[in-house]
Amino acid sequence: MEDKYKEANLKEYKHWILATSFRQHTLGSFIILAKRPNEKISDLTNEELLELKTVMQETEEALSQTEGFKPQRFNYLQLGNSMNQLHFHGIPRYDSPRNFAGREWVDTTFGGPPIFLRKDQESELELIKQIKESILPTLR
């Protein structure tokens, strides 16, 4: 993992790394990355699956308690098209605009599939750090 991406890490678990996504599809988008080399969900152990549930629950709870975020729901995508390491994209969904870091965030596809940003649409490290600093106090 590139050093800049490590700066986005929110929490390390036994089997997973939770990180703020550099592609902020919606405010607070995150990545859950398997630590063990693996490309398929079907190859996860029961222990990894149980911990994945915990990671998702803790992340959803943290974002739901973070002032200015509080999404209505969460979407998860596991695509594996360009990265040969199992990971999930977590996309908080919002039914109304949010204001954060001096800009208005609008989830224009709420109620449908999310818009998935391209790699060339990555956010600046400073914004990622601000999002991370906002979420950390509510993450167990």
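The structure this text deals with has already been given above.
Small disclaimer: the values here were computed from a predicted structure and weren't measured.

(A) Region of interest: the nonpolar core. Core analysis: the largest hydrophobic core is formed by 25 residues, its most contacted members being Trp16, Leu18, Ile32 and Phe69. Looking at this core, the elements with two or more residues in it are β2 (16–20), β3 (30–34), α2 (46–65) and α3 (125–135). Counting residues per element, this core draws most heavily on α2, at 5 residues. With sequence-adjacent residues up to four places away left out, tryptophan 16 is seen in contact with Lys11, Ile32, Leu33, Ala34, Lys35, Leu44, Glu48, Glu51, Leu52, Val55, Leu86 and Phe88. Core analysis: the next-biggest nonpolar cluster, separate from the first, contains 5 residues, Tyr5, Ala8, Ala19 and Ile128 among them.

(B) Representation of the pattern of salt bridges in the model. By the definition in use, this model includes 8 salt bridges. Among the salt bridges present, the one from lysine 11 reaches glutamate 58, with a minimum N-O distance of 2.9 Å. Highlighted residues: lysine 11 in strand β1 (residues 9–12) and glutamate 58 in helix α2, separated in sequence by 47 residues. Arginine 36 is the partner of glutamate 48 in a salt bridge, and the nearest nitrogen-oxygen pair spans 2.7 Å. With glutamate 48 in helix α2 and arginine 36 in the loop between β3 and α2, this pair connects stretches of sequence that are 12 residues apart. Look at glutamate 48 and you get buried, because its relative accessible area is 4%. By relative accessible area, which is 33% here, arginine 36 ends up partly exposed.

(C) Local environment of the packing of aromatic side chains. Under the counting rule described, the total for this entry stands at 3 aromatic pairs. Aromatic side chains phenylalanine 69 and phenylalanine 100 sit 5.3 Å apart centroid to centroid with 70° between the ring planes, which places their arrangement in the edge-to-face category. Here phenylalanine 69, found in the loop between α2 and β4 (73–77), pairs with phenylalanine 100, found in strand β6 (residues 98–100); they are 31 residues apart in sequence, far enough to count as distant. Here phenylalanine 69 and phenylalanine 100 have matching classes, each one buried.

Calculation notes
Residues numbered from 1 in each chain as written. Predicted model: local features only at pLDDT ≥ 70, side-chain atom pairs only at ≥ 80, totals over all residues. Heavy atoms only, no water. Core = buried A, V, L, I, M, F, W, Y, C linked by side-chain atoms within 4.5 Å. Buried < 20%, exposed > 50% of the residue type's maximum accessible area, 1.4 Å probe, protein only. Helix = DSSP H or I, 4+ residues; strand = E, 2+ residues; numbered from the N terminus. Contact = heavy atoms within 4.5 Å. Salt bridge = Lys/Arg side-chain N within 4 Å of Asp/Glu carboxyl O. Phe/Tyr/Trp six-rings, centres within 6.5 Å; stacked < 30°, edge-to-face > 60°.

Everything listed here is a matter of geometry and, on its own, says nothing about what the molecule does.
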